[in-house]
Amino acid sequence: MKRLYIAFAYTLVIMAALTARCGRQQSPGLPVSFNRDWLFIRQDSANMNKILPGNFPNHKWEDVTLPHTAFIEPLVAADKQWTGICWYKKLYRAPHRDRHHHSGLLFDGVMNNAIIYLNGAEIDSHSGGYVPFYVDLTNDLNYGRENEILVRVDNRENLSIPPGKPLSELDFLYYSGIYRNVSLLVTDKLHITSVPEADTLLGGGVITGYREVSDDAATVIVSVQVRNDDRIPRSFYLKNSLLDAAGNEVSGSLSEKIEMEPGLSRRLVSEIRVMQPALWSPEKPFLYTLRTELQSDKNVINCNETSIGIRSVKITPDKGLLLNDIPIAVTGTNRHQEYPYLGYALSDNASYRDAYKIKEAGFNFVRCSHYPPAPAFLDACDELGILVMDAIPGWQFMGDSLFCELSLRDARLMCRRDRNHPSIVMWESSLNETLMPYSFLSSLHQTVKNELPYGNNYTCSWMDTICDIFIPARQHAKAPDYWKNYRKNKPLLICEYGDWEYYAQNAGFRQTEFSDLEPSARSSRQLRSAGERGLLQQAYNFQEAHNDNLNGPCFGDANWLMFDYKRGYTPDIESSGVMDIFRLPKFSYWFYRSQNEEGPVCFIAHYNLPSSGNTVRVFSNADTMQLFRNDILIATQEPDKGINSSNLRHPPFTFTVAEYIPGTLRAVGLRNGAEFGSHSVTTPGPPSAIRLSADFSNKPLQADGADAIFIYAELVDSLGNHVMTADSTIEFSVRGDARLIGENPVRAEAGIATILLKAGTNPGKVMVRAVSGKISVAELMTETKKQVL
């Protein structure tokens, strides 16, 4: 019996292995991650002219995993970001069986100029850091042997490569390295092309579109580019299968047999009729998987999988944004994609966490400022239900003819790469805040129309001459002659608001909340260390502008901005975010979150300190608020009324208390008489302990060598109350396969010190430890999870 049991178990293992193998064989041609096992070297001034392919100082190579930044940038630096030349190297043994296949590498993003060498010979190059490119390896690989892949990366300033503007004048940084994913594609010679593989109208890959969309039925248009790189004619069937979230096929199509001559490419169009479709919307972001296969009479030749969401998009001057014929009130924000220290080199999970925070804050829309984001961020917006405005790279700069040519190229590749994302409803095919020639702007606009033939091709520009949607720059939003310049035949979306410096020059901007503050303290640019009054001022600025926008002709707005970030023209942090650069919320975060109906929101924007003042503001989506001091009810109020609250869904609650008394302030929200959220703030004693926490934002720390999360060390008193004024220095250490990124030790800001924890490649337990002088030591045990390939 024991032998029979062992034999039976062995048979099950073999069957499982065969099933897994068959599953892989049924999906030939899907991309495989090529992020691991790279070597890296950065050139410096001493060896700038000495390093060439075949002439490298081997002892200086560093093992890295992509995405990767070429330089860990300090949080604040007097000098501009690092620029220069660096190299990446990887050895790849191409299986002998692949000599009859097509092989290539898909680079999602390399900053800013890349030259690719294979076995010492240059085989390709690319200029531009924000759009993908494809390198065909098929005819250059040594099959059955190791191949050396070298990538020379140059991020030095170049006025001809968008955004073009010198770093010393630029409002953001563009960082360095192979900072996005790289994928390996090995396919049949007869295959569905990747998006940047074909440099023709519409590019390569799959395009989807939708007609006659309703709850009853919808038609999905599928356009597929197929290429035959074989030496002989090939025949195949084109099959499309639409799979629901559970993997069940709900509809599909199958072509007649198609013949294709060698060396040719064709775009094949088919339609799928879907009955009772689950429509995509911010409230219910339902996603289908479109599986496209090239089939022979016996097996699957090539396969492609595309995540799609069925929906219709209309944007009109009178009705604004209609999604599935339902009006959508747009409440949005802007996002720069950077992390402290790592720059743009975010893992897919880190991109998701940013999107998750945007959704949690109550926003249903994000503008990608001022360039196309990583594909993983758009995937997250699809999954979470966040509407997106995609954008080409550019800010206050118009370059030469090559710059214009590359800008048009960026617009084409942006559309081709991102066209299937249901979250994208607008395309900023315009250089932000840049005066552009009429002909150039017209070419950008027409590029979007040409590249997106099945609709969802609304263009945006801050110049309202040639575009579908007018998105005025922030300094125009309060200008006295603003409405004279507004062409009312175009839909209007306010895309940047909140910067007090731009508004203060206009008499119409009230700004009476803290009139005793110095001008710099009345700005929307406030670090968390600015204290209560500065953070309240920022929240008030956003509240006033958002309230005004809701009363105007716009169909929505997007504040400036979600996360603090770094700029080129000044060493300090641009602190207009509703969360800081470490993704910690400011008071304004709670203002926006309170404008949402999702869940109870109640937040006291007051530290309950002697310096806090006698005005207590509470952000909440309740309809009534009770305020308790040391468990004694001192006031019950309805939401604020007045000129800055009249259009808000949920105005704040503002209480005036008689005198300062230490202890606990507790706010209890009521909705329809029942408790609906509460929040307490207690006057803290001196810091005596550290409380550690990790920011996972719905995604575990993945052991892929690139994922990173924020670790927060909060200074608390003996009762566990947060000490907002503490600025002690905290030193972090770690045990396990992970490392710390950032300044260490680090001084706490507003009672919290932050560092990045970057995972290694071995899943398992990781212990983080924090110490600060005589304050008791804190430890946090977390875990890195196995990478899902």
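Conventions adopted
Residues numbered from 1 in each chain as written. Predicted model: local features only at pLDDT ≥ 70, side-chain atom pairs only at ≥ 80, totals over all residues. Heavy atoms only, no water. Helix = DSSP H or I, 4+ residues; strand = E, 2+ residues; numbered from the N terminus. Buried < 20%, exposed > 50% of the residue type's maximum accessible area, 1.4 Å probe, protein only. Contact = heavy atoms within 4.5 Å. Areas by Shrake-Rupley, 256 points an atom, 1.4 Å probe, with all protein chains shown as cover. Core = buried A, V, L, I, M, F, W, Y, C linked by side-chain atoms within 4.5 Å. Pairing = 2+ DSSP bridges. Axes fitted to C-alpha atoms, helices over the stretch in contact; angles between N-to-C directions. Expected span 1.5 Å × (residues − 1). Arc of directions from axis to C-beta. Polar contact = N/O pair within 3.5 Å; in protein donor to acceptor, adjacent residues only side chain to side chain.

S.K.: For this particular structure, what's the right way to read the overall build of the protein chain?
M.R.: The secondary structure content of the protein chain amounts to 9 helices and 47 strands. Evaluated residue by residue, the protein chain yields a buried proportion of 60% over its 789 residues. Sequence separation of 24 or more characterises 69% of the internal contacts of the protein chain that already satisfy a separation of 6 or more. Of the roughly 32,000 Å² of accessible surface on the protein chain, 50% is carried by carbon and sulfur atoms.

S.K.: Looking at this structure, how should I read the nonpolar core?
M.R.: One finds Phe 587 and Val 618 to be the most contacted residues of the largest nonpolar core, which totals 75 residues. Residues within four places of Val 618 in sequence aside, it is in contact with Cys 602, Phe 603, Ile 604, Met 625, Pro 652, Phe 653, Phe 655 and Ala 667. Among the nonpolar cores identified, the runner-up in size contains 28 residues, and Trp 82, Phe 107, Tyr 143 and Val 182 belong to it.

S.K.: Can you walk me through the sheet that holds strand E33 (residues 615-620) in this structure?
M.R.: Backbone hydrogen bonds are what pair the strands of a sheet, in a parallel or an antiparallel way. In space, the 3 strands of this open sheet follow the order E32-E33-E36, with antiparallel pairing throughout. Of all the strands in the sheet, just strand E32 (602-604) and strand E36 (653-656) have a single pairing partner and so form its edges. Neighbour-to-neighbour, the strand axes of the sheet open up by a mean angle of 20°, direction not taken into account. Summarising the sheet, E33 and E36 pair through 4 bridges and their orientation is antiparallel. Bridging across to E36, Arg 617 finds its partner in Thr 654. On top of the sheet, helix H9 (residues 587-594) reaches E32 and E33; it is set at about 45° to E33, its chief contact.

S.K.: I'm lost on helix H5 (residues 438-451) in this one. Help?
M.R.: Residues that lie three or four places apart on an α-helix share one face, since the helix turns once every 3.6 residues. Between the first and last C-alpha of H5 there are 20 Å, a value that for 14 residues agrees with the 20 Å anticipated at 1.5 Å per step. The set of residues buried in H5 consists of Phe 440, Leu 441, Leu 444, His 445, Thr 447, Val 448 and Glu 451. Taken end-on, H5 shows its buried residues confined to a sector of 150°, consistent with a single buried face. Exposed residues lying more than 90 degrees from the buried face of H5 are Tyr 438 and Ser 439. Structurally, H5 contributes buried residues whose contacts are with helix H4 (401-418), strand E26 (424-428) and strand E27 (460-461).

S.K.: Is there a simple way to think about the sheet that holds strand E43 (residues 738-741) in this case?
M.R.: Read from one edge to the other, the open sheet built from 4 strands follows the order E39-E41-E45-E43, with strand pairing classed as antiparallel. Edge positions in the sheet fall to strand E39 (689-695) and E43, since each has one partner strand and no second. Adjacent strand axes in the sheet meet at a mean angle of 30° when their direction is disregarded. Direction of pairing for E39 relative to strand E41 (residues 708-716): antiparallel, over a ladder of 7 bridges. Looking at the pairing, Ala 694 lines up with Ile 711 of E41.

S.K.: I'm lost on the side chain of Glu 714 in this one. Help?
M.R.: Locating Glu 714 in the fold gives a position in strand E41. Polar contacts involving the side chain of Glu 714 include one to the side chain of His 722, which spans 3.2 Å. In this structure Glu 714 touches Ala 689, Ile 690, Arg 691, His 722, Gly 751 and Ile 752, once residues within four positions along its chain are discounted.

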